[in-house]
Amino acid sequence: MEIQTIINQINLANYSDQIIEDLVGRINGINLESKSSTIAKLKEYKGKMDNEEKNKTLEDLIQALEK
């Protein structure tokens, strides 16, 4: 899954556990190396989203993926 696609989905969604669950499920379906790379790339966006709610969504997504 492309990083920009993930970021776009976060930007379009209101914060909810559902968007995080959906993205985690889709990202967990890729191989471990790609998942690690995806997490690293997502971390580059931390604090750079449009607003605090979107930053929190991204942070929660990263934490869920790292579990």
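Residues numbered from 1 in each chain as written. Predicted model: local features only at pLDDT ≥ 70, side-chain atom pairs only at ≥ 80, totals over all residues. Heavy atoms only, no water.

**Student:** Looking at this structure, how should I read the packing of helix α1 (residues 3–12) against helix α4 (residues 52–66)?
**Tutor:** Think of two packed helices as two axes; the pair is described by the angle between the axes and how far apart they sit. Packing of α1 against α4 leaves a shortest axis separation of 9 Å and a crossing angle of 130°. Judged by the angle between their axes, α1 and α4 are oblique. Note that α1 runs across α4; the crossing there is right-handed. For the pair α1 and α4, the contacting residues are Ile 6, Ile 7, Ile 10 and Asn 11 in the first and Lys 54, Thr 57, Leu 58 and Leu 61 in the second. Split into classes, the residues belonging to the contact of α1 with α4 amount to 5 nonpolar, 2 polar and 1 charged. (Axes fitted to C-alpha atoms, helices over the stretch in contact; angles between N-to-C directions. Helix = DSSP H or I, 4+ residues; strand = E, 2+ residues; numbered from the N terminus. Parallel < 35°, antiparallel > 145°, perpendicular 65-115°, else oblique. Left-handed = near helix turned anticlockwise from the far one by under 90°. Contact = heavy atoms within 4.5 Å. Nonpolar A, V, L, I, M, F, W, Y, C, P; charged D, E, K, R; others polar.)

**Student:** Please explain the nonpolar core as it appears in this structure.
**Tutor:** The tendency in soluble globular proteins is for nonpolar side chains to be buried side by side. Of all hydrophobic cores here, the largest spans 17 residues; its most connected members are Ile 6, Ile 10, Leu 42, Leu 58, Leu 61 and Leu 65. The element best represented in this core is helix α2 (residues 17–28), accounting for 5 residues. The contacts of Leu 61, once residues within four sequence positions are left out, are Ile 6, Ile 10, Ile 20, Leu 23, Val 24 and Leu 42. (Core = buried A, V, L, I, M, F, W, Y, C linked by side-chain atoms within 4.5 Å. Buried < 20%, exposed > 50% of the residue type's maximum accessible area, 1.4 Å probe, protein only.)

**Student:** Teacher, can you tell me more about α1 here?
**Tutor:** At 3.6 residues per turn, the α-helix brings residues three or four places apart onto the same side. For α1, every residue scored as buried is listed here: Ile 3, Ile 6, Ile 7 and Ile 10. For α1, the buried positions fall inside an angular range of 95° around the axis, keeping them on one side. On its buried side, α1 packs onto α2, α3 (32–43) and α4. (Arc of directions from axis to C-beta.)

**Student:** Help me out: how do you make sense of α2 in this one?
**Tutor:** Over its 12 residues, α2 extends 16 Å from the first C-alpha to the last, a length consistent with the 16 Å expected when each residue adds 1.5 Å. Among all positions of α2, only Ile 19, Ile 20, Leu 23, Val 24 and Ile 27 are buried. What you see down the axis of α2 is that its buried residues fit within an arc of 130°, all on one side. Among the exposed residues of α2, those pointing more than 90 degrees away from its buried face are Gln 18 and Glu 21. Against the buried residues of α2 lie α1, α3 and α4. (Expected span 1.5 Å × (residues − 1).)

By themselves, these observations are geometric and do not establish any function.
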